Amino acid sequence: MTDLTLSPMNQPVLPAPRPYWGWVAARLFRPLLVRLCAAYLAVLVLIALLVPLMANGQPYTCIVPATASHAAMRDYPLFRDLSSVDWILLVVAGALAVQVVVMSMSRRLAGPQRMMRRRIGAVVITGIIIIAGSLIAALHHNRLDAVNYRSLARHGLITHAVFPPVPWGYAEMEPLSKGLINQFPSRRHWLGTDGDGRDELSRLLWGARIAMGVGFVSQIIALALGIVVGALTGYFGGIFDIILMRLVEMVESIPTFFLILTFVAVYGRHILDIMVIIGVTGWTGYARLLRAEFFRIRNLDYVLAAQGTGMPLWRVLFKHMLPNGVTPVLVSAGFGLAGAVTIEASLSYLGVGVQPPTASWGSMLNSAGNPATVFRWWQALGPGMLIFITVLAFNLFAESLRDAIDPTTMGRR
Amino acid sequence: MTTYIIRRLLLMIPTLLGMTFMLFAVVRFAPGLTTSGGQFSSGIMQSRQAQKQEQLIMERRLHLVDKNGRPINLAMQYILWLKSTCEGHLGTSIVYQEPVLTLIEQRLPVTLTINAIAMAVIYLVSLPGGLITALNQGRLIDRGYGFFSLALYSLPVIWLGSTLLGFFANPQYFNWFPSAGLHSTNTGNMTFFRYIADYLYHIVLPIVCSVYGGFAFLSKQIRGSILENLQQDYVRTARAKGLPESTVLVRHVFRNSLLNLITLTGMSLPGLLGGSVIIEQIFSINGMGRLAYTSTLSRDLPVIQDLALVGSVLTLLSYLAVDICYHLADPRVIYD
């Protein structure tokens, strides 16, 4: 009771009750390990968003010296050559940064008006993201830039070139004649090169984008499906429940990995296909969890009150019931994320994942050689460690979240 | 109870119908449906006539054309396939030119033995692990075991598998274990015990890979149910009447906690038969998982359809078996 303060009227003022999620977050982030996991995952997401600026063969900027025909001019090869997906992700990263700043600023000056202003700010920013994203996607023309800027810079054909920290793209191969394939780590390639003479470090960083992208997008698809089916079955019950639960059983009864393999083999291996396939095969657990929660919640007084005020159904379901039943689903989604990363890596390892030359941790493991004859362990170490730590971080995070929302562990720790 | 079983069996019918429909749709609407298989049996030497004949037979088997070679529409195809499957005729593989049932008969024992051994190892570690961590709840050993088993669970099998193979079955480093297969080439002139020893020697690495991820889940479940049981009244009664603590734990708490194991074991039964695609692929074991993988790659439709069908029937049946066994083991559990 240290927070008690005296108001001017000499009345003790109790501190405002903490919102539920603030309380959970405080419990969740108490152990150091969880903070480390969160930091690691945040860094990984940042890498996934910003990787074109970190590992790329083109310089940020350079000066093309004057020749007889034109004057010296400044060029921006990297930015000129970003794909529309890169631009959209960069805009998302910028918007996220703004959001974080706004959040941390407004927490200090909390109050209903500030809350309102924050919400309006969030809406505005989201709108800007959507408009900017669709504009970029519509206007941008991706072009193929096969110029080797490193050798241009070495031969003085461009000057003042500023290269990214890892000056290699994910698909850039060392020329075969140099004999730089399957290199051990060196100063030129910090983690060595693979069998095609591509930089391992650059491919590891780009692989983070595939792993995070597949993980998050597939789980968002799975969550959306699972929440809708779970909410409807749990709320209505009866014949609705019987029919939809048969659908759940249908999807559940086929072994997941076999189902995914079949889908991938039949419908193609574009990255979007893989995201959708993992999502569509992985929603049943969420549906079951939410259904059980809604069975419990649907007869509570506040739901009856909400129904009694004549609210539309979706508002009762998703505004009033969902926040009270969603926590076990979120815990499960943490494990689901870890599972999706593993599945994507396994698919790529088996050679049915994202298509080459796209960098994926699984395909990098596969290209570390046929383990029974030639095994280049340093090529397997990087992707293996990254998959391991990423999956472990998601799992630890999910488990800590489960402990944090579990009222039976209140007294402990 | 009988009513319950009958109701469950009846509810399985729409599930299976929907499942077969889904399978049929997925496979039939796939671009590039192939019927001209026989890559292994029929060579290039075949005459054009014979090839055409073979393709016609394949199409007949898949119910794509009728007796006179006229195409059948999709709805009829589905019904015909369903009919022949219900009569117990599984399809014939396009690639291997063998009935799917024969393929399953060849592959199932391989997968089953490996998975049974792996499962035994998992239980042997997880049961004491769960008991010890439950009794030391919150202490260092509990947290350490929890973290360690979660780390093992997170360890990707594609990495550990290929690294184990790369270091311990590789002339480049340590050539301790065989790199592929389940038997040496000269099994014919081995005595029985030599044969078993040879087999065990071959499955060391695959077993390691299929075992290590299973500890976390099982020990966590056992730990949870032991903790739950420790708070029951009967434990206090048992202690109050002066039973030694070991008897209370082993005879009362542990036995009651094993009830949950029925569910867990039942749920893992389909996986036991299914086999792991990745492990079988890494260690070149010709089991069910590898059959599924190669058939999806070569688009061997009858095999894909029938494997998924058999798998899901087994899954549904084992879920039912779980509920029945639960009732048998604990008569307090009654289904309406």
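Residues numbered from 1 in each chain as written. Chains lettered and ligands numbered in written order. Predicted model: local features only at pLDDT ≥ 70, side-chain atom pairs only at ≥ 80, totals over all residues. Heavy atoms only, no water.

Let us look at the overall build of chain A. Each helix and strand counted, chain A has 16 helices and five strands in total. Counting only residues that meet the buried cut, chain A has 44% of its 413 residues in that class. If you sum the accessible surface of chain A, you get close to 21100 Å²; carbon and sulfur atoms cover 70% of it. (Helix = DSSP H or I, 4+ residues; strand = E, 2+ residues; numbered from the N terminus. Buried < 20%, exposed > 50% of the residue type's maximum accessible area, 1.4 Å probe, protein only. Areas by Shrake-Rupley, 256 points an atom, 1.4 Å probe, with all protein chains shown as cover.)

Bringing the overall build of chain B into the picture now. Across its full length, chain B holds 14 helices and zero strands. Going from N to C terminus, chain B has its helices and strands arranged as α-α-α-α-α-α-α-α-α-α-α-α-α-α. Rg of the C-alpha trace for chain B: 25 Å, well past the compact-globule value of 20 Å for 336 residues, more than 25% over. In terms of principal-axis extent, the alpha carbons of chain B reach across some 85 × 60 × 40 Å. Sorting the 336 residues of chain B into buried and exposed places 43% on the buried side. Considering only intrachain contacts with a sequence separation of at least 6, the fraction spanning at least 24 residues in chain B is 69%. Here chain B contributes 24 positive and 17 negative side-chain charges, whose respective centroids are spaced 3 Å apart. (Rg over C-alpha atoms; globule rule 2.2 N^0.38 Å. Contact = heavy atoms within 4.5 Å. Lys, Arg positive; Asp, Glu negative; His and termini not counted. Charge placed at Lys NZ, Arg CZ, Asp CG, Glu CD.)

What follows deals with the pairing of strand β3 (residues 61-64) of chain A. All names here are of chain A. Neither face of β3 is left uncovered, since the one carrying Thr 61 and Ile 63 and the one carrying Cys 62 and Val 64 both have all their residues buried. As paired elements, β3 and strand β5 (residues 159-162) share two bridges and run antiparallel to each other. Bridging across to β5, Ile 63 finds its partner in Thr 159. Pairing of β3 with strand β4 (residues 73-75), which is carried by three bridges, proceeds in the antiparallel orientation. The residue bridging Val 64 from the neighbouring strand is Met 73, located in β4. (Pairing = 2+ DSSP bridges.)

Before going further, it helps to examine the interface of chain A and chain B. Facing the 40 residues of chain A at the interface are 49 residues of chain B. Taking both sides of the interface into account, the surface hidden between chain A and chain B amounts to around 4100 Å²; carbon and sulfur atoms contribute 75%. Joining chain A to chain B, the criterion identifies one salt bridge. As a salt-bridge pair, Glu 399 of chain A and Lys 220 of chain B come within 3.6 Å of each other at their nearest N and O atoms. Summed over the shared surface of chain A and chain B, the number is eight residue pairs in polar contact (both at pLDDT 80 or more). For the side of chain A that touches chain B, the secondary-structure elements that each account for two or more residues are α8 (238-253), α9 (256-267), α14 (327-350) and α16 (377-405) of chain A. Sort the elements by how many residues they give to the side of chain A that touches chain B and α16 of chain A lands first, with 13 residues. Residues of the side of chain A that touches chain B, tallied by class, amount to 29 nonpolar, six polar and five charged. (Buried area = accessible area lost by both parts, 1.4 Å probe. Salt bridge = Lys/Arg side-chain N within 4 Å of Asp/Glu carboxyl O. Polar contact = N/O pair within 3.5 Å; in protein donor to acceptor, adjacent residues only side chain to side chain. Nonpolar A, V, L, I, M, F, W, Y, C, P; charged D, E, K, R; others polar.)

Time to look at the side chain of Ser 295 of chain B. Its location among the elements puts Ser 295 of chain B in helix α13 (residues 288-297). Once residues within four sequence positions are removed from consideration, Ser 295 of chain B is found in contact with Asp 300, Val 303 and Ile 304 of chain B.

Turning next to the confidence of the model for chain B. For any part of a model where pLDDT is low, the fine detail of the predicted coordinates should not be relied upon. Residues and elements named next belong to chain B. Taken over all residues, the pLDDT of chain B has a mean of 82, while the share at 70 or more is 91%. The model gives residues 36-43 a pLDDT under 50, and that stretch makes 13 contacts with residues more than four places away or in other chains. For this predicted complex, the interface confidence reaches an ipTM of 0.86, while the overall pTM sits at 0.87. (pLDDT = per-residue confidence, 0-100.)

What follows covers unusual backbone geometry. Residues and elements named next belong to chain A. Residues Pro 356 and Pro 357 are joined by a peptide bond in cis, for which omega reads 5 degrees. Within the secondary structure, Pro 357 sits in the loop between α14 and α15 (361-366). One non-glycine residue with positive phi stands out, namely Asn 182, at about 50 degrees. Here Asn 182 lies in the loop between β5 and α7 (200-236). What makes Asn 182 partly exposed here is its relative accessible area of 23%.

Residue and element names in this part refer to chain A. With respect to the element layout, Ser 218 can be found in helix α7. A distance of 3.2 Å separates the side chain of Ser 218 from the backbone oxygen of Gly 215, its partner in a polar contact. If sequence neighbours within four positions are ignored, Ser 218 has contacts with Gly 213, Met 275, Ile 278, Gly 279 and Ala 340.

We now examine the packing of helix α4 (residues 100-135) of chain B against helix α14 (residues 301-329) of chain B. Residue and element names in this part refer to chain B. Put simply, α4 and α14 touch, their axes get as near as 10 Å, and they point 60 degrees apart. For the element pair α4 / α14, the angle class is oblique. The way α4 lies across α14 gives a crossing that is right-handed. Residues Val 100, Leu 103 and Ile 104 of α4 lie in contact with α14, whose contacting residues are Pro 302, Val 303, Asp 306, Leu 307 and Val 310. Considered class by class, the residues forming the contact of α4 with α14 number seven nonpolar, no polar and one charged. (Axes fitted to C-alpha atoms, helices over the stretch in contact; angles between N-to-C directions. Parallel < 35°, antiparallel > 145°, perpendicular 65-115°, else oblique. Left-handed = near helix turned anticlockwise from the far one by under 90°.)

Within the structure shown, the criterion is met by 19 aromatic pairs over all chains. Taking the centre distance of 5.5 Å and the plane angle of 75 degrees together, the rings of Phe 192 of chain B and Phe 193 of chain B count as edge-to-face. Residue Phe 192 of chain B is classed as exposed on the basis of its relative accessible area of 54%. Pairwise contacts between aromatic rings join Phe 21, Phe 24, Tyr 78 and Trp 81 of chain B into one cluster. Here the guanidinium or amino end of Arg 150 of chain A rests over the ring plane of Trp 168 of chain A, the centre of that ring lying 3.9 Å away. (Phe/Tyr/Trp six-rings, centres within 6.5 Å; stacked < 30°, edge-to-face > 60°. Lys NZ or Arg CZ within 6 Å of the ring centre and 35° of its normal.)

Before going further, it helps to spend a moment on the sheet that holds β3 of chain A. All names here are of chain A. Strand order in the open sheet made by the three strands is β4-β3-β5, with antiparallel pairing throughout. Bordering the open sheet on either side are β4 and β5, each of which pairs with just one other strand. With direction set aside, neighbouring strand axes in the sheet form an average angle of 25 degrees.

This next bit is on the pattern of salt bridges. Counted under the stated rule, the structure contains 16 salt bridges over all chains. Measuring nitrogen to oxygen at the nearest pair gives 2.5 Å for the salt bridge that ties Arg 209 of chain A to Asp 86 of chain A. Here Asp 86 of chain A lies in helix α4 (residues 84-108) and Arg 209 of chain A lies in helix α7, a separation of 123 residues in the sequence. Its relative accessible area of 14% is what places Arg 209 of chain A among the buried residues. In this structure Asp 86 of chain A comes out as buried when scored by relative accessible area, which is 7%. Among the ionic pairs, Arg 223 of chain B bridges to Asp 142 of chain B, the shortest N-O distance being 2.8 Å. Here Asp 142 of chain B lies in helix α5 (residues 140-154) and Arg 223 of chain B lies in helix α8 (residues 215-230), a separation of 81 residues in the sequence. As far as burial versus exposure is concerned, Arg 223 of chain B and Asp 142 of chain B are alike and both buried.

Relative to the 16 Å expected for twelve residues at 1.5 Å per residue, helix α6 (residues 157-168) of chain B spans 16 Å between its end C-alpha atoms, a close match to the ideal helical length. Within α6 of chain B, nine of the twelve residues are buried, which leaves it mostly tucked inside the rest of the structure. What α6 of chain B keeps buried is the set Val 157, Ile 158, Trp 159, Gly 161, Ser 162, Thr 163, Leu 164, Leu 165 and Gly 166 of chain B. Each element contacted by the buried residues of α6 of chain B is listed here: α14, α15 and α16 of chain A together with α7 (192-211) and α12 (277-282) of chain B. (Expected span 1.5 Å × (residues − 1).)

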